[in-house]
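Residues per chain are reported as follows:
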Amino acid sequence: MTLFPADGSPGPVSTLLQWALYISHSDQGVVTMAGTSLTARTILFDAAAELDKNGYVFIRVAGSSRLFDLVAWNKEKTLFIAVRRTCSGGISRFARDVSLLASLVKERTLPGIVQIWVFASKEWQRYQILPGGALLIRGGFL
């Protein structure tokens, strides 16, 4: 897969990169990952490993004003993932983030599925963002 096909048309990867850049630099509000501390980077690497293990190709979105930390895709779907970590409180600690992401879903701004992954109590809790909020993903990998 190439970033830019020979005919000059935007390829699937370049289109995802453009969306990631647009979203990370838009004026939708600022939602940030908890810095670039060693713990924050470790959580991102763990999330990336989960995606890789489940057959996704991904890119990491950088910058302090990003809405998403990872954009991932396979042959069937595209995921826009915000990665968060907490020692207590679960998804309720990120109500502002969920609200902002839900508004993007409601407006159909993104060409894929929006998720927030929360690392709490040494395990992942994955949520799909819907127009009305977040729904816990149970069972297999979505």
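Just so it is clear, the structure is predicted and the values come from calculations on it, not from any experiment.

Participant: Lay out the overall build of the protein chain in plain terms, naming residues and giving numbers.
Facilitator: When you go through the protein chain residue by residue, the secondary structure sums to three helices and six strands. Its helices and strands in sequence order give the protein chain the pattern α-α-β-β-β-α-β-β-β, from N to C terminus. Out of the 142 residues in the protein chain, the part that is buried amounts to 41%. Taking the contacts inside the protein chain whose residues are at least 6 apart along the sequence as the reference set, 56% of them involve residues at least 24 apart. When the accessible surface of the protein chain is split by element, carbon and sulfur atoms take 56% of a total near 7,900 Å².

Participant: Could you give an account of the pattern of salt bridges, naming the residues involved and the relevant values?
Facilitator: Two side chains of opposite charge can pair, provided their charged atoms sit close to one another. Following the criterion strictly, the structure yields four salt bridges and no others. For Asp 69, the salt bridge is made with Arg 66, and the minimal N-O distance between the two is 2.6 Å. Like Asp 69, the residue Arg 66 is buried in the burial classification. Residues Asp 69 and Arg 84 are paired through a salt bridge, measuring 3.1 Å at the closest nitrogen-oxygen approach. With Asp 69 in the loop between β1 (57-60) and β2 (70-73) and Arg 84 in strand β3 (residues 78-86), this pair connects stretches of sequence that are 15 residues apart. Both residues of the pair, Asp 69 and Arg 84, count as buried.

Participant: Let's hear about the sheet that holds strand β5 (residues 123-130): which residues, and what values?
Facilitator: Taken together, six strands build an open sheet; the order of strands is β1-β2-β3-β4-β5-β6 and the sheet is mixed. Two strands lie at the open edges of the sheet, namely β1 and β6 (133-136), each paired on one side alone. The sheet shows a mean angle of 30° between the axes of neighbouring strands, direction not considered. Most of the contacts of helix α3 (residues 95-106) go to β5, to which it runs at about 40°, and overall it touches β3, β4 (113-120), β5 and β6.

Participant: Would you mind going over the pairing of β4 in detail, with residue names and values included?
Facilitator: Along any regular strand the residues' side chains alternate between the sheet's two faces. Of all eight residues in β4, six are buried; the element is thus mostly enclosed. Where β3 meets β4, eight bridges bridge the pair, whose relative direction is parallel. Note on β4: the bridge partner recorded for Thr 86 is Ala 120. Where the polypeptide runs from β3 across α3 and back to β4, its parallel neighbour, the crossover connection is right-handed. Summarising the sheet, β4 and β5 pair through six bridges and their orientation is antiparallel. Residue pairing in the sheet places Gln 115 in a bridge with Gln 128 of β5.

Participant: Could you give me a rundown of unusual backbone geometry, with the residues and numbers involved?
Facilitator: Phi is positive for Arg 108, which is not a glycine, with a value near 55°. Looking at where Arg 108 falls in the secondary structure, it is placed in the loop between α3 and β4. For Lys 122, which is not a glycine, the phi torsion comes out positive at approximately 65°.

The rules behind each value
Residues numbered from 1 in each chain as written. Predicted model: local features only at pLDDT ≥ 70, side-chain atom pairs only at ≥ 80, totals over all residues. Heavy atoms only, no water. Helix = DSSP H or I, 4+ residues; strand = E, 2+ residues; numbered from the N terminus. Buried < 20%, exposed > 50% of the residue type's maximum accessible area, 1.4 Å probe, protein only. Contact = heavy atoms within 4.5 Å. Areas by Shrake-Rupley, 256 points an atom, 1.4 Å probe, with all protein chains shown as cover. Salt bridge = Lys/Arg side-chain N within 4 Å of Asp/Glu carboxyl O. Pairing = 2+ DSSP bridges. Axes fitted to C-alpha atoms, helices over the stretch in contact; angles between N-to-C directions. Right-handed = clockwise from strand over helix to strand, strands pointing away.

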